[in-house]
Number of protein chains: 2
Amino acid sequence: MANIHEIARRAGVSVSTVSRVLNQHPYVSAEKRAAVQRAIDELDYTPNRNAVDLIRGRTRSIGVIIPYNNNPAFDRMLSGVLNKSVEEDYTVTVLPTRYDPEKELEYLTMLKTKLLDGIIITSRANDWSSIVPFAGYGHIVACEYTELEDIGCAYIDRYAATLEVFSFLKSMGHADVAFTTARGETSISTRLTMQAYRDVFGEVRPCRCLDGCTTLKDGMDAARHFLEGKVRPTAVYANGDDVAAGIHQFVLSAGLRIPDDIAIIGQENQPIGQVLQLTTVDHQLFRAGEEALRLVTRGSRDKVQIPYRIIYRSSSG
Amino acid sequence: MANIHEIARRAGVSVSTVSRVLNQHPYVSAEKRAAVQRAIDELDYTPNRNAVDLIRGRTRSIGVIIPYNNNPAFDRMLSGVLNKSVEEDYTVTVLPTRYDPEKELEYLTMLKTKLLDGIIITSRANDWSSIVPFAGYGHIVACEYTELEDIGCAYIDRYAATLEVFSFLKSMGHADVAFTTARGETSISTRLTMQAYRDVFGEVRPCRCLDGCTTLKDGMDAARHFLEGKVRPTAVYANGDDVAAGIHQFVLSAGLRIPDDIAIIGQENQPIGQVLQLTTVDHQLFRAGEEALRLVTRGSRDKVQIPYRIIYRSSSG
DNA sequence: ATGAAAGCGCTAACAT
DNA sequence: ATGTTAGCGCTTTCAT
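Basis of the calculations
Residues numbered from 1 in each chain as written. Chains lettered and ligands numbered in written order. Predicted model: local features only at pLDDT ≥ 70, side-chain atom pairs only at ≥ 80, totals over all residues. Heavy atoms only, no water. Near = heavy atom within 4 Å. Polar contact = N/O pair within 3.5 Å; in protein donor to acceptor, adjacent residues only side chain to side chain. Helix = DSSP H or I, 4+ residues; strand = E, 2+ residues; numbered from the N terminus. Least-squares fit on C-alpha atoms with pLDDT ≥ 70 in both. Contact = heavy atoms within 4.5 Å. Core = buried A, V, L, I, M, F, W, Y, C linked by side-chain atoms within 4.5 Å. Buried < 20%, exposed > 50% of the residue type's maximum accessible area, 1.4 Å probe, protein only. Nonpolar A, V, L, I, M, F, W, Y, C, P; charged D, E, K, R; others polar. Arc of directions from axis to C-beta. Expected span 1.5 Å × (residues − 1). Phe/Tyr/Trp six-rings, centres within 6.5 Å; stacked < 30°, edge-to-face > 60°. Lys NZ or Arg CZ within 6 Å of the ring centre and 35° of its normal. Salt bridge = Lys/Arg side-chain N within 4 Å of Asp/Glu carboxyl O.

A.B. asks: Can you lay out the protein's contact with DNA strand C for me, pointing to particular residues and giving the numbers?
C.D. replies: Neighbouring DNA strand C are 25 residues; Ile-4 and Tyr-45 of chain A together with Arg-20, Ser-29 and Ile-55 of chain B lie closest to it. A breakdown of the atoms of DNA strand C within 4 Å of the protein gives sugar and phosphate a share of 62%. Tyr-45 of chain A is positioned with one of its side-chain polar atoms (N or O) 2.4 Å from a phosphate oxygen of DNA strand C. Looking at the surface near DNA strand C, the elements that each hand over two or more residues are helix H2 (15-22) and helix H4 (49-56) of chain A together with helix H2 (15-22) and helix H4 (49-56) of chain B.

A.B. asks: Would you mind going over the relation of the copies chain B and chain A in detail, with residue names and values included?
C.D. replies: Expressed as a screw operation, the relation of chain B to chain A combines 0.1 Å of axial shift with a rotation of 180°, fitting to an RMSD of 0.2 Å. The symmetry that links the two subunits is that of a two-fold axis. Judged by C-alpha distance, Thr-93 of chain B is the residue of chain B that lies nearest the rotation axis, at 2.0 Å. Here 100% of the interface residues in chain B have copies in chain A that are interface residues too; the copies meet face to matching face.

A.B. asks: Residues and numbers for the nonpolar core, please.
C.D. replies: Ranked by internal contacts, the top residues of the largest apolar core, which has 50 residues, are Ile-62, Val-81 and Ile-120 of chain A together with Ile-62, Val-81 and Ile-120 of chain B. Discounting residues that sit within four places of it in the chain, Ile-120 of chain A has contacts with Ile-62, Gly-63, Val-64, Ile-65, Val-81, Val-141, Cys-143, Ala-292, Leu-293 and Val-296 of chain A. Judged by nonpolar contacts, the second largest core, of 46 residues, contains Leu-278 of chain A together with Cys-213, Ala-222 and Ile-272 of chain B.

A.B. asks: Lay out the protein's contact with DNA strand D with the relevant residues and their values.
C.D. replies: The full set close to DNA strand D counts 26 residues, and Ser-16, Ser-29 and Ile-55 of chain A together with Ile-4 and Tyr-45 of chain B are the nearest of them. Counting only the atoms of DNA strand D that lie within 4 Å of the protein, the sugar and phosphate share comes to 60%. Between DNA strand D and Ser-16 of chain A, the relevant distance is 2.9 Å, taken from a base oxygen to a side-chain nitrogen or oxygen of the residue. Here a sugar or linking oxygen of DNA strand D sits 3.5 Å away from a polar atom, N or O, in the side chain of Lys-32 of chain A. Those elements that place two or more of their residues in the surface near DNA strand D are H2 and H4 of chain A together with H2 and H4 of chain B. A per-element tally of the surface near DNA strand D places H4 of chain B first, with 5 residues. Partitioning the surface near DNA strand D into residue classes produces 13 nonpolar, 10 polar and 3 charged.

A.B. asks: Report on the side chain of Asp-241 of chain A, specifying residues and quantitative values.
C.D. replies: Residues and elements named next belong to chain A. When you line up the elements, Asp-241 lands in helix H11 (residues 241-253). Of the polar contacts made by the side chain of Asp-241, one reaches the backbone nitrogen of Gln-270; its length is 2.7 Å. Excluding anything up to four places from it in sequence, Asp-241 contacts Gly-266, Gln-267, Glu-268, Asn-269, Gln-270, Ile-272, Gly-273, Leu-278 and Thr-280.

A.B. asks: So what's going on with H2 of chain A? Residues and values would help.
C.D. replies: All names here are of chain A. For H2, every residue scored as buried is listed here: Thr-17, Val-18 and Val-21. Taken down its axis, H2 places every buried residue within 100° of arc, on the same side. On the buried face of H2, the contacting elements are helix H1 (4-11) and helix H3 (30-43). Directly after H2, the chain includes Gln-24, whose backbone phi takes a positive value near 40°.

A.B. asks: Which residues make up the environment of Ser-187 of chain A, and what values go with them?
C.D. replies: Along the polypeptide, Ser-187 of chain A turns up in the loop between strand E6 (177-180) and helix H9 (188-201). Considering only alpha carbons, one finds Ser-187 of chain A and Phe-134 of chain A, 53 residues apart in sequence, at a separation of 21 Å.

A.B. asks: Account for helix H5 (residues 72-88) of chain B, with residues named and values stated.
C.D. replies: Owing to its 3.6 residues per turn, the α-helix aligns residues three or four sequence positions apart on the same side. In a regular helix each residue adds 1.5 Å, so 17 residues correspond to 24 Å; H5 of chain B covers 24 Å between its end C-alpha atoms and thus fits that length. Of all 17 residues making up H5 of chain B, 12 are buried, and the element is well covered by its neighbours. Among all positions of H5 of chain B, only Ala-73, Phe-74, Asp-75, Met-77, Leu-78, Ser-79, Gly-80, Val-81, Leu-82, Lys-84, Ser-85 and Glu-88 of chain B are buried. Tucked inside the fold, the buried residues of H5 of chain B contact helix H5 (72-88) and strand E2 (91-96) of chain A together with strand E1 (61-66), strand E2 (91-96), strand E3 (118-121) and helix H13 (285-298) of chain B. Backbone nitrogen of Ala-73 of chain B and a side-chain oxygen of the N-cap are separated by 2.8 Å at the start of H5 of chain B; the cap is Asn-71 of chain B. Once H5 of chain B finishes, Asp-89 of chain B follows within two positions and takes phi at roughly 60°, a positive value.

A.B. asks: Lay out the packing of aromatic side chains with the relevant residues and their values.
C.D. replies: Scanning all chains against the criterion turns up 18 aromatic pairs over all chains. Ring centres 5.8 Å apart and planes at 75° place the aromatic pair Tyr-68 of chain B and Tyr-99 of chain B in the edge-to-face group. Of this pair, Tyr-68 of chain B sits in the loop between E1 and H5 while Tyr-99 of chain B sits in the loop between E2 and helix H6 (101-112), placing them 31 residues apart in sequence. Look at Tyr-68 of chain B and you get partly exposed, because its relative accessible area is 39%. On the basis of relative accessibility, which here comes to 17%, the residue Tyr-99 of chain B falls in the buried class. An aromatic cluster is built from Phe-166, Phe-179, Tyr-197, Phe-201 and Tyr-237 of chain A, whose rings are joined through pairwise contacts. The ring of Tyr-99 of chain A has Arg-183 of chain A sitting right over it, with the charged end atom 3.6 Å from the ring centre.

A.B. asks: Got a sec to walk through the environment of Ala-135 of chain A? Specific residues and values, please.
C.D. replies: All names here are of chain A. Relative to the helices and strands, Ala-135 resides in the loop between helix H7 (128-131) and strand E4 (139-142). Note on Ala-135: relative accessible area 10%, which makes it buried. Between the C-alpha atoms of Ala-135 and Gly-57, which are 78 residues apart in sequence, the distance is 16 Å. In contact with Ala-135, not counting residues within four places along its chain, are Ile-140, Asp-150, Ile-151 and Arg-301.

A.B. asks: Summarise the pattern of salt bridges; cite the residues concerned and give the values.
C.D. replies: In the structure shown here, the tally under the stated rule is 32 salt bridges over all chains. Residue Lys-112 of chain B pairs with Asp-44 of chain A through a salt bridge whose shortest N-O separation is 3.0 Å. Taken together, the positions of Lys-112 of chain B in helix H6 and Asp-44 of chain A in the loop between H3 and H4 put the pair across two chains. The partly exposed category is assigned to Asp-44 of chain A, whose relative accessible area is 41%. Several salt bridges share partner residues, and in doing so they unite Asp-176, Arg-205 and Arg-208 of chain A into one network.

Here's what the structure looks like:
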């Protein structure tokens, strides 16, 4: 590929003039501008972005740290990020960690190496203490609430949503409620869910709580688990609509009725939940993703809460 | 951030020596290497990747052109790409086009600007004639079959799969079959589907074919469309499991039985199809994505076919 | 084994 | 208005 010098030579001007027309600066005569443009067209020239980014120190590119791809929740957020990135004219790089802390730090280092202007953390594997230092090299926005000064966030109020769900179930007469979670008490989601449970129903008994659930099949296994005791719960709050759908299937196949024998509430408002008429908590993760991108491109450290909505359907009575 | 000169000064060596230890070259004495390492650690130094990429002319980064995010099919491919990218140590940038040809060309230009080593095209908005020239600047791999020399591909045999589906339906006694598609005859998928239909059933009547379907709701509308005539089809081949699920719902709500009154076959083997016991064509798009990444990182122009599998469930009788 | 120096392709301050 | 020039931070000959 030709470079800026070749264009300059061919147009009979200096490289600065070429640079000026490239960056639409004023103070370039119409003739020279035309000559430069001609040379550019003739040689089909495009500036080398590595050189531009090197000298500018910015890339208009941001990264999205995501534990798993092909997970409804994270995909929604990523989708929101991508959607907004187009209108903000930023490029987005996906950084899948599988919750490997080393990998995550490696990705964060891309701020230091100047490859990324900012990073959105949808879910993290490291403690904040090892993440915060990277905020010195680029903007970091999280999809969870944090009081840290250096970190912006577009977060959902999972505690409030969960509290509302459990309170609703209680008001409907449910006293024995079970729930599923995805990844143990290392995750804030799980901790907040358990806290809300305690605040409404008291102690969390092992037989009413199952971790490690993400897929439809996990939901079926969870339902089997919840139903195997002599006393069975009368409602289940699943950590996703896929899981809820699995529970739904197993419950029906066990000859029980929904919601009469067991009420089910899911999360994320997925199509599968619509089909099965599942009540669901829509955390509006798409909007969270959009907001996260908006924040990170502005270098904002604002704390923005994304409101949730509960969509009541027949599965919860 | 410190740069290589500072490290050199601090370690009392030249920049070339620093560069050598950075790139694990031989011929560096143990003492100097240690001194350099100490300086690197003390200053918490990380090389600027823009500078490295500029001089090397490579980035170990590839782009994935994708029309829509949050579409089961494209998400599967993207997921496969990402999965493989981790083990191949490449970074992937998502390039959403919404089938805007201009946007797509803009993305392809990232090969010229040296930002990307290669690009995977999951689905395109431009003619090959305007895409091929970019192959001169970086590797291009498509997720559709093409004979073009310059383009590698990891493709699915949609015609064969569709032919098998229609032949199966015919063998089951279905003579009046409908189908849905996503985006008109500009898309190869649609063209291949129509071709297979003609080859098995003859003429494609407008009342047996509905375009613009991607979501569950589209499926419900499609079913309404197919059922409104006096004679209704006895089977529908949907272009995705979400669409098939919508059809499923509408058919049931219309008081008809599946598969007795109407057989349904979907595509992509999504969880929703598993729940509804939908027969489905699994095109193994995840594998296609993995293979595409493998090809593009190797600069290969091989043509690799990804086999499909039909998963028979009760919705097709 | 090590260093000096010439770039990679571009931007921008400075001079004219 | 336009050109000269000094970098941005790194790799890689080419000497020694």
